[in-house]
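Fold and contact review
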Amino acid sequence: MNVLKQLRDQFESALNSYTDDAPQFAAMIKPAGDPKFGDYQANCAMPLGKQVGKNPRELAAELVASVDLDELCEPLEVAGPGFINLKLRDEWLETAVNNLVNDERLGVEPVAQPRNFIVDYSAPNVAKPMHVGHLRSTVIGAALYRILCSLGHNVVGDNHIGDWGTQFGMIIYGYKHFLDQSAYEEAPVLELSRLYRLVNQLSDYHAAATQLPQLRETLAEREATLTAAQQDADPKDKKAKKAVKQLTNQVVGLQDKIKVAESKIATVGGDATLKALADADPQIATAARNETAKLHAGDAENRALWDQFIPLCLEALQSVYDRIEIHFDKSLGESFYQPMLADVVADLQAKGIARESEAAICAFVEGFDAPFIVRKTDGAFTYATTDLATVKYRIEELKADSIIYVVDARQGEHFKLLFETVRKWGYDQTELQHVSFGTILGDDRRPFKTRSGDTVGLESLLDESIAKAYTIVSDNDDAKPNGAELDEPERRRIAEIVGLGGIKYADLHHNRDSDYVFNWDKMLATTGDTATYIQYAFARVCGILRRAEVDRESLRQSGAVIRLSHESERLLILSLLRFPEALTQAAAEYRPNYLTEYLFKTAGVFSGFFEHCPVVNAETDDLRNSRLLLCDLTARVIAQGLELLGIHTSERM
Ligand code: ARG
């Protein structure tokens, strides 16, 4: 049962007699920011009053008179210019919370109209090391997958693995020229990623060396323009100020590019072996591209190598997924769609959506400078072509009503072009959504990397998190007033739960649009908005239940009831009843952070309750049982909420 939805539904019926946009105005009912104003607040009378030319206070009074909320709420109050304050009745709260005691779904009802969702998440490029960006996609996507399932939707999780990209040209080239046979036999994927990095490094070296003089020249030119502009600038002239700012940004951008190029040159130049390899092969980038082209054209040797590499790479990926317990219903990688690409392009051309332009085939979308290239000059199909074929397949074969792409914000432009092209193509009934997320940054505010300069390898990141969590768990256990409780295997088990939970929670609780700085201390802290804090809250609740020596299942079956006797209990009950609200909101906006926020607040509200309301030593047996039931419910809500986010709990910590 979703309280907010009930309130909104009631208001919607009342609003219907004033406007055609009733749902939009009903959506303005929100949880009250300050409990002084009740539990919820409806702010729709002001904008609606404006729209229909009515005094908002009068309108608010009319709405109050016509909604039927007597059972749910205390008499509604109109305040200020026309705010409507809603306070839930204590008796209603009691009944509602008692209904949860034996409800396995904790009040979460399946939606009336389930939709077919495809969630496209993780999607690493195989044979390149998987990095934190793919981890963020994996973690957010898996959470959305579970949340949508919990609301009764039909969801297919699909891992659109990059298994056909240009990296294979580099690996194949590396394999043919630089293979260390014994290393390959021992750890094939490690050797393949070494080869990938090596070929990449050598190509980058040549590219940087070619670009550097031009970059330096442009920089000198911009710097001169900037100096001149600064000298001339009249401090009052806004336009001139803006121009100076723009120039400054360009100069900084160029300086950055030069730094990057210089460091690429230095890495290879400073290593005699690498330098010799680079000098021996100035055309390596072209050669690697040719290997990709040969693979795509069906060359037998390259195809055989691809067939040899793919299972190895997939196995390595699977071991990461196993560790973080990620599941996919399908893993239809880019290669799966290759046989369909020629038809896609032909169809787009036949329908006049794509046409030839400078020897490539492009779809043009109004409002975009760049075209959507579906076949390159050299005849190769692109990432875009594959995504078009994928959409078609998902709609026609998998019957998708909704496709959500959990992908880095830097691909925003690609998805805008994709979605527009797809609509023009005729698939305009399907919801297409880019669930975009920001970059994970290091302390230097650049994309997070390890000291060696590699994008952080995932496995080592997970190991490090668990190791740090182990210290936290052990310190905490050692400091317990009654002495340490946990044995070594138990500490290790909990460290795993805390370490993995911490990493996942960091990806989830930030507003996904924003970049965030990766910080171990913040991520694993026992206080503040972290998984650790919520996990400890859970363990504390379980500790109370343990001390009371109750069997939780029997307590639920015993006929004992929850009674509201204190304001802190009221807050906790209200919080527990809002679990479905949090899930609905997270699903509606594809934002798991609504769920993390909810769990964090609920854990806080529980502390308030525990501070004010003795549980084990409550004055009467009824009160004790009532509060124990509240503890039991809190534990279940927290555990279930965290599970949906892919985070485990431990009853002892
Ligand atoms: N493999 C891509 C990358 O790592 C992400 C793919 C996302 N999904 C999609 N359908 N384009 O950048």
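To be clear, the structure that these remarks concern was listed above.
The present account deals with the structure reproduced in this document. Predicted model only: the values in this text are computed from it and were never measured.

Cut-offs applied
- Residues numbered from 1 in each chain as written.
- Predicted model: local features only at pLDDT ≥ 70, side-chain atom pairs only at ≥ 80, totals over all residues.
- Heavy atoms only, no water.
- Pairing = 2+ DSSP bridges.
- Helix = DSSP H or I, 4+ residues; strand = E, 2+ residues; numbered from the N terminus.
- Axes fitted to C-alpha atoms, helices over the stretch in contact; angles between N-to-C directions.
- Expected span 1.5 Å × (residues − 1).
- Buried < 20%, exposed > 50% of the residue type's maximum accessible area, 1.4 Å probe, protein only.
- 1 Å grid on protein atoms, 1.4 Å probe; cavity = no way out; pocket = protein on both sides within 12 Å on 5 of 7 lines; lining within 4 Å.
- Points joined across faces, edges and corners; volume = space filled by probe spheres on them.
- Nonpolar A, V, L, I, M, F, W, Y, C, P; charged D, E, K, R; others polar.
- Contact = heavy atoms within 4.5 Å.
- Patch = residues over 30% accessible without salt bridge, like charges linked within 9 Å, V, L, I, M, F, W, Y side chains within 5 Å.
- Areas by Shrake-Rupley, 256 points an atom, 1.4 Å probe, with all protein chains shown as cover.
- Salt bridge = Lys/Arg side-chain N within 4 Å of Asp/Glu carboxyl O.
- Lys, Arg positive; Asp, Glu negative; His and termini not counted.
- Charge placed at Lys NZ, Arg CZ, Asp CG, Glu CD.
- Parallel < 35°, antiparallel > 145°, perpendicular 65-115°, else oblique.
- Left-handed = near helix turned anticlockwise from the far one by under 90°.
- Near = heavy atom within 4 Å.
- Polar contact = N/O pair within 3.5 Å; in protein donor to acceptor, adjacent residues only side chain to side chain.

Moving on, we get to the sheet that holds strand 7 (residues 354-357). Spatially, three strands are ordered 7-8-9 in an open sheet, and the strand pairing comes out antiparallel. One side of each edge strand has no neighbouring strand; the edge strands of this open sheet are strand 7 and strand 9 (372-375). Averaged over all adjacent pairs, the angle separating strand axes in this sheet is 40 degrees, with direction ignored. Bridging between strand 8 (residues 360-363) and strand 9 involves three bridges; their strand directions are antiparallel. Pairing of A363 across the sheet is with F372, part of strand 9.

What follows is about helix 20 (residues 531-547). Given a rise of 1.5 Å per residue, 17 residues ought to cover 24 Å, and the 24 Å separating the end C-alpha atoms of helix 20 matches this to within 8%. Summarising burial for helix 20: 14 of the 17 residues are buried, a large majority. Positive backbone phi, approximately 55 degrees, marks E549, located one or two places after helix 20.

If a probe the size of a water molecule is rolled over the atoms, the empty space left behind becomes visible. Taken as a whole, the second largest pocket holds about 1500 Å³ of empty space. Around the second largest pocket, the lining is made up of 48 residues, and of these N2, L4, E581, A582 and Q585 lie nearest the centre. Broken down by element, the residue count for the lining of the second largest pocket peaks at eight residues, all from helix 23 (residues 579-589). The class makeup of the residues in the lining of the second largest pocket is 21 nonpolar, ten polar and 17 charged.

The strand order 1-2-4-3 describes an open sheet built from four strands, whose pairing is antiparallel. With one partner strand each, in any of the chains shown, strand 1 (29-31) and strand 3 (77-79) form the two edges of the open sheet. Looking at each pair of strands side by side, their axes are set apart by 30 degrees on average, direction ignored. Across the sheet, helix 4 (residues 56-66) touches strand 3 and strand 4 (83-86), and the angle it forms with strand 3 is around 170 degrees.

Right, let's talk about a negative patch on the surface for a bit. On the surface, a cluster of negative charge is contributed by D322, E325, E496 and E643. By the element assignment, E496 lies in helix 18 (residues 488-509). You can call E496 partly exposed: its relative accessible area is 34%.

For the structure shown, the criterion picks out one cavity of 30 Å³ or more. The space that makes up the largest cavity amounts to roughly 30 Å³. Surrounding the largest cavity, V132, L135, I440, L461, I503, D507, Y516 and F518 form its lining. Counting residues per element, the ones that place at least two in the lining of the largest cavity are helix 6 (132-150) and helix 18. Along the lines of polarity and charge, the residues of the lining of the largest cavity split into seven nonpolar, no polar and one charged.

The subject of this paragraph is the packing of helix 15 (residues 383-396) against helix 16 (residues 412-424). Between two packed helices, the angle of one axis relative to the other and the distance separating the axes together describe the packing. Interhelical geometry of helix 15 versus helix 16 gives an angle of 50 degrees and a closest axis separation of 10 Å. The orientation of helix 15 with respect to helix 16, classified from their angle, is oblique. Between helix 15 and helix 16 the crossing geometry is right-handed. Contacts between helix 15 and helix 16 involve Y383, A384, D387, L388 and V391 from the first element and H414, F415, L418, T421 and V422 from the second. Here the contact of helix 15 with helix 16 is built from residues that sort into seven nonpolar, two polar and one charged.

Taken together, the residues surrounding the ligand are D120, A123, N125, H134, H160, Y383, D387, Y405, V407, Q411 and F415. In the environment of the ligand, a nitrogen atom lies 2.8 Å from a nitrogen or oxygen atom belonging to the side chain of N125. Relative to its free-state accessible area of 340 Å², the ligand is covered by the protein chains to the extent of 90%. Going through the elements one at a time, helix 15 and strand 10 (402-408) are the ones with two or more residues in the shell around the ligand. Each residue belonging to the shell around the ligand can be placed in one class, and the counts come to five nonpolar, four polar and two charged.

Bringing the pairing of strand 5 (residues 116-120) into the picture now. Of all the five residues making up strand 5, four are buried; the element is thus mostly covered by neighbouring parts of the structure. In terms of strand pairing, strand 5 meets strand 6 (residues 154-158) through five bridges, oriented parallel. By the bridge assignment for strand 6, V119 is matched with G157. As paired strands, strand 5 and strand 10 are joined by four bridges and run parallel to one another. When the bridges of strand 10 are listed, D120 appears paired with Y405.

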